[in-house]
Amino acid sequence: MALLAHEFMTVLAKVVATEPGTPTRELFLAKLSSSPSSVPPCLEDIVRGQSLYLRSKEDDPVLAAGADEPVGILLRGVPSIGLPIRVSSSTSGIVPSHSARVMTKLDAQKTTQVVVACRQMGIKVTSAVYAAIVRVTARFPQHPLSKCFAAFVPVDLRGALDETSTSETKAVSKVVGLHFSGLPICVDNVFSKSFKEVAEDLAIVYARDLVHFWTPPLAVQNRAGELQETIGLPDLVEPYAQRTTALFNAPIPEGLPPVQTPDLSSLGKMEAYIHKEYADESRDRDTSPKLEVVDFWISTEMLTRNVQFHVWSWDGSLRLGASFNTSFYDKEFVNEVIQSVIVEVLDGRQIKEENA
């Protein structure tokens, strides 16, 4: 998403630099469609192309067992706790409406304090923010069977793919199709755990080695005839995607609550992807018109009962956004939740809010 935004701004800068009277709309579409990276490769195809293991119509029992392991982690925490939806939306036949978003941010000073505190704790900011989301969610009334927080967290597979790429599959910076790349999390005994304990549980998931993701009972022979003691997550893509897709499409068993677990996607420092200034690189930068990126927001089209959080930093400021469907949540409620998450992050890291 961020890389596509960068591509868009790069092309837009060229259009802005054109002579007056030029049909800019046609020029923009022509430049965008002719860009060599305008249609990025599909991640699934890249994974299959550089996998160390042969594919067949039937499940490889070893790869299948490797895919079962993370799915089992999620199932251990089902049914998960979740955020309460609007009372008028309690019936199962509610139709999703349009999506909406809210956003909040910390100033640069407060952001630095959070980063330093997380570093001292030995976790990343993402784990701290997600821990705050988990703890805020746990404060609401829950189904009697919901004792854990269970969800999938997106992970960046580009590093793992980069380590095993060939000259033909090297271009992994602008890939699309990350639906299988989520790792399961299951925070047990969520109601009795401290902020630190929840954050540490999440940190273990985020720190998991994706190249040496799973260790089978016995070494496995790859397509080159070599014995492998570990198997990477990219090599499990096919059986893992099959299982997660089936899991998402399965009806909710009778007696269990619907899935209303909030998700978090962390985008890191956005300056690594989106520049603060764009200009036509084929012209003199001193005289060419420039586009300045002052700020931006991130949102997701939501059709489910989940609230999708995004966390990122821009210009030294930590940003937290939440996307949701208005059939299930009021904007005022989600705004209260997101503000509570920020307070929980500061309290959990023992940072005084009045210094903000």
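Bear in mind the structure is a predicted one, so any value in this text is a computation, not a measurement. (Residues numbered from 1 in each chain as written. Predicted model: local features only at pLDDT ≥ 70, side-chain atom pairs only at ≥ 80, totals over all residues. Heavy atoms only, no water.)

## Digging into the overall build of the protein chain
Put simply, the rule is: A run of H or I in DSSP becomes a helix once it reaches four residues, and a run of E becomes a strand once it reaches two; helices and strands are each numbered from the N terminus. Relative accessible area decides the class of each residue, using a 1.4 Å probe on protein chains only: under 20% of the type maximum gives buried, over 50% gives exposed, and in between gives partly exposed. In this description, contact between two residues means that some pair of their heavy atoms is separated by no more than 4.5 Å. Each accessible area is a Shrake-Rupley result for a 1.4 Å probe, and residues are judged covered by the shown protein chains and nothing else.
Of the regular secondary structure elements, the protein chain holds 10 helices and 10 strands. Burial statistics for the protein chain: of 356 residues in total, 47% are counted as buried. The long-range fraction of contacts in the protein chain, counting pairs at least 24 apart against all pairs at least 6 apart in sequence, stands at 76%. Accessible surface for the protein chain amounts to roughly 18500 Å². Of this, 55% is attributable to carbon and sulfur atoms.

## Looking at the confidence of the model for the protein chain
Caution applies to low-pLDDT parts of the model: their predicted coordinates are not meant to be read in detail. Put simply, the rule is: The predictor's confidence in any single residue is recorded as pLDDT, a number from 0 to 100.
When pLDDT is averaged along the protein chain, the result is 84, and 80% of the positions lie at 70 or above. Predicted confidence in the protein chain is weakest over helix α2 (residues 24–34), with a mean pLDDT of 64, and strongest over strand β10 (residues 317–325), with 98.

## Looking at the environment of Ile133
Considering the arrangement of structural elements, one finds Ile133 in helix α6 (residues 125–138). A sequence separation of 207 residues divides Ile133 from Ser340, and the C-alpha atoms of the two residues are 8.5 Å apart. Not counting residues within four places of it along the chain, the set of residues in contact with Ile133 comprises Pro262, Leu264, Phe309 and Val341.

## Quick look at the pairing of strand β9 (residues 308–314)
Cut-off, in case you're wondering: At least two DSSP bridges between two strands are needed for those strands to be called paired.
Burial of β9 is extensive: 7 of the 7 residues sit out of reach of the surface. Between β9 and β10, which pair antiparallel in sequence order, lie 2 residues; one of them, Asp315, sits at a positive phi of approximately 55 degrees.

## Let's talk about helix α9 (residues 237–249)
Selection criterion: How far a helix is expected to stretch is found by multiplying one less than its residue total by 1.5 Å.
For α9, with 13 residues, the first-to-last C-alpha span of 18 Å sits near the 18 Å given by 1.5 Å per residue. For α9, the full list of buried residues reads Val237, Pro239, Tyr240, Ala241, Arg243 and Thr244.

## Some thoughts on the sheet that holds β10
Spelled out, the test is: With axes taken as lines fitted to C-alpha atoms, and helix axes fitted only over the stretch in contact, angles between N-to-C directions fall between 0 and 180 degrees.
One open sheet accounts for 4 strands, arranged β1-β10-β9-β6; its pairing is mixed. Edge positions in the sheet fall to β1 (99–105) and β6 (263–269), since each of these pairs with one other strand and no more. Adjacent strand axes in the sheet meet at a mean angle of 20 degrees, parallel and antiparallel pairs treated alike. As defined by bridge partners, β1 adjoins β10 across 7 bridges and the pair is classed as antiparallel. If you follow Val102 over to β10, its bridge partner there is Ala322. On top of the sheet, helix α10 (residues 331–348) reaches β1, β9 and β10; it is set at about 30 degrees to β1, its chief contact.

## A look at the side chain of Ser317
On the secondary structure map, Ser317 appears in strand β10. With a relative accessible area of 7%, Ser317 lands in the buried category. Residues within four places of Ser317 in sequence aside, it is in contact with Lys105, Leu106, Thr111 and Trp312.

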